[in-house]
Amino acid sequence: MGDGKPKRVLGLVASPRVLGNCETFIKEISRHIPEQHVLRLLRLTSLNIRPCRACYGCVMGNPCPEDDDIQFLLDELAAADAVILASPVYYLGANAIIKGICDRGFLFFSILEKTCNKPIILLNFFGIPERIGMAPQMLETFAMFLGMSVKASLSIEAALPGAALMNEKNIVTADHLGRMLFSSGSIRPERGCPFCGSQIVRIAKVDYICTVCHGSFAIDAIGNFVKKKEGGIMGPPEHMLLHREWLRGMKKRFQENKKKIIQTISGYKEDGEWIKPPSRTPSSRT
Ligand SMILES: Cc1cc2nc3c(=O)[nH]c(=O)nc-3n(C[C@H](O)[C@H](O)[C@H](O)COP(=O)(O)O)c2cc1C
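Every residue gets a number counted from 1 within its own chain, in the order that chain's sequence is written. Selection of residues for local features in this predicted model requires a pLDDT of at least 70, selection of side-chain atom pairs for listing and counting requires 80 or more, and totals for whole chains, interfaces and linings are taken over all residues.

## Quick look at the overall build of the chain
For helices the rule is a DSSP run of H or I covering at least 4 residues; for strands it is a run of E covering at least 2, with both sets numbered from the N terminus onward. If you tally the helices and strands in the chain, you get nine helices and ten strands. The C-alpha extent of the chain, read off along each of the three principal axes, is 65 × 60 × 45 Å. Put plainly, a residue is buried at 20 or more neighbouring C-beta atoms within 10 Å of its own, exposed at 12 or fewer, and partly exposed in between, counting only other residues' C-beta atoms, which are placed from the backbone. In the chain, which comprises 286 residues, the proportion classed as buried is 29%. Any two residues are considered in contact once their C-beta atoms, placed from the backbone, lie within 7 Å. Contacts spanning at least 24 positions in sequence make up 69% of the contacts within the chain whose residues lie at least 6 apart.

Right, here's the structure in full:
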C-alpha cells in the first residue's frame, strides 16, 4: 500500500442471486470509496469448495489433498488490500458457503500474516425483521480467524433484489462504509461483546460467553457490560499461530494413542447399513 498503485478491494458475494442485494450493495460501497481502487468480485457460491477431510495434513505443513478452489480464494484474500463480504441470511444463518469455507480454516494459517489487520466490512441481507439468527456471527468468525480488522458488521433488511438500494438510509450507510474502509474509523454496535463487538452470546451459569471471540463478561446492575476474561482466540498472528502448534500436538497425541484408538473404534465398523441416493442420469430430472 502507499506505492501509488490502485488498492485491491475484494468483494465476496455469498449469494447465488445475480444483481441481488449482496452483489449490488458491494458495488454501491465501492462507488463511495475515495481511494483509487479496483473492485475484484468473487461469487463464493460458484466456487467448488470441498469439505475438510480432517487429515490435519495442512497443519503439519503438507499440501491440502482436496483439488478445489480454496487456494484460489486464499490467494485472493492474501493479495487484497481490503475485503467486503456480503451474505444473504438463509435459515437463520449466513449462506452455507461461509461455513464451508470456515471449515477449511486450518488453511487460513498459511495466509494469516498477509490478512492480519486488513480491513473487512461484513454485511448480512435479510428478508424478515429480527430473523437474522446467527448470520452475523458466521461472518465475524470468518474475519476473526483471518485476523482481519472488522470495520463494520451490519445486517440490512432487503428481501427483494434491489431492495437495499431503494432505501435512502442504506445509500447513506454505503457512503459511510466506503469512506471508512481505508480510514481508521469503524462502526461498533452500541451493545456488543466488550472484546470483539459481536452481539451473539452464549448464556453461561453467571456470565455471558461471546460465541465469536469467546471472551466472557457480566452485566452489572445498571446494564453495563463488565469484561471478565479474554477468549484467547484473537490476537497478533504469533498468538493465533499458537493454535496451530496445539493442533500439531493433537496429531502427535493421535499417533501416540493410535493403537488404543483403533481398538476402541474398530468394533463399530460393521454396525448399521450405509445408504446412498440412487445415481442420477441427466434425464432422471423431468
Ligand atoms: C433459502 C432462503 C432462506 C432464507 N432465509 C431467511 C431467513 O432465515 N431470515 C430472513 O430474514 N430472510 C431469509 N431469506 C431472505 C434473504 O435473506 C433475502 O432475500 C436477501 O436479501 C437475499 O440476498 P440477495 O438478494 O443478495 O440474494 C431467505 C431466502 C432464501 C432464498
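## Thoughts on the environment of Arg43
Relative to the helices and strands, Arg43 resides in strand S2 (residues 37-43). On the basis of neighbour count, Arg43 is assigned to the partly exposed category, with 17 C-beta atoms found within 10 Å. Counting along the chain gives 28 residues from Arg43 to Ser15, while the straight-line C-alpha distance between them is 7.2 Å.

## Section: the sheet that holds strand S9 (residues 216-219)
In this analysis, strands are considered paired if DSSP registers two or more bridges between them. Pairing in this open sheet of four strands is antiparallel, and the strands run S7-S8-S9-S10 from one edge to the other. The sheet terminates laterally at strand S7 (201-203) and strand S10 (225-229), the two strands that pair on one side only. The average angle at which neighbouring strand axes cross in this sheet is 35°, direction not considered. Axes here mean lines fitted to C-alpha atoms, for a helix over just the part in contact, with angles spanning 0 to 180 degrees between N-to-C directions.

## A short note on the site of the ligand
For each residue, a C-beta atom is positioned from the backbone; the residue is called near a molecule or strand if that atom sits within 6 Å of it. The full set close to the ligand counts 18 residues, and Ser15, Gly20, Pro88, Phe126 and Gly127 are the nearest of them. Those elements that provide at least two residues to the shell around the ligand are helix H1 (21-31), strand S3 (82-90) and strand S5 (119-126). In terms of residue count, S3 provides more of the shell around the ligand than any other element does, three residues in total. Tallied by class, residues from the shell around the ligand come to twelve nonpolar, four polar and two charged. Think of it as three bins: nonpolar holds Ala, Val, Leu, Ile, Met, Phe, Trp, Tyr, Cys and Pro, charged holds Asp, Glu, Lys and Arg, and polar takes everything else, Gly as well.

## Overview of the environment of Phe126
When you line up the elements, Phe126 lands in strand S5. Sequence separation of Phe126 and Val201 is 75 residues, and the distance between their C-alpha atoms is 20 Å. In this structure, Phe126 is in contact with Val89, Arg131, Ile132, Ser155 and Glu157, ignoring residues within four places of it in sequence.

## A short note on helix H5 (residues 135-145)
Counting buried residues along H5, eleven of its eleven residues qualify, which places the element largely inside the surrounding structure. Residues Ala135, Pro136, Gln137, Met138, Leu139, Glu140, Thr141, Phe142, Ala143, Met144 and Phe145 constitute the buried set of H5. On its buried face, H5 is in contact with S3, strand S4 (93-94), helix H3 (96-102), S5 and strand S6 (149-157). Once H5 ends, the next one or two residues include Gly147, with phi positive near 65°.

## A look at the packing of H1 against helix H7 (residues 168-180)
Running from amino to carboxyl end, H1 crosses H7 at an angle of 55°, the nearest separation of the two axes being 7 Å. In terms of axis orientation, H1 runs oblique to H7. Relative to H7, H1 is oriented so that their crossing is right-handed. Every residue of H7 that contacts H1 at Phe25, Glu28, Ile29, Ser30 and Arg31 is listed here: Ile171, Ala174, Leu177 and Gly178. In these notes the angle categories are as follows: under 35 degrees is roughly parallel, over 145 is roughly antiparallel, 65 to 115 is roughly perpendicular, and the rest is oblique. Here a crossing is taken to be left-handed if its near helix is turned anticlockwise relative to the far helix by less than a right angle, and right-handed if that turn runs clockwise.

## Concerning unusual backbone geometry
In this structure, Leu19 is a non-glycine residue whose phi angle is positive, near 60°. Here Leu19 shows up in the loop between strand S1 (7-13) and H1. At Glu130, a residue that is not glycine, the phi angle is positive and equals roughly 70°. Within the fold, Glu130 resides in the loop between S5 and H5.

## Let's talk about the pairing of S10
Little of S10 sits out of view: just zero of its five residues are buried. One ladder, built from four bridges, connects S9 with S10; its direction is antiparallel. Of the residues in S10, the one forming a bridge with Ala218 is Val226.

Interpretation in functional terms is not warranted from these geometric data alone.
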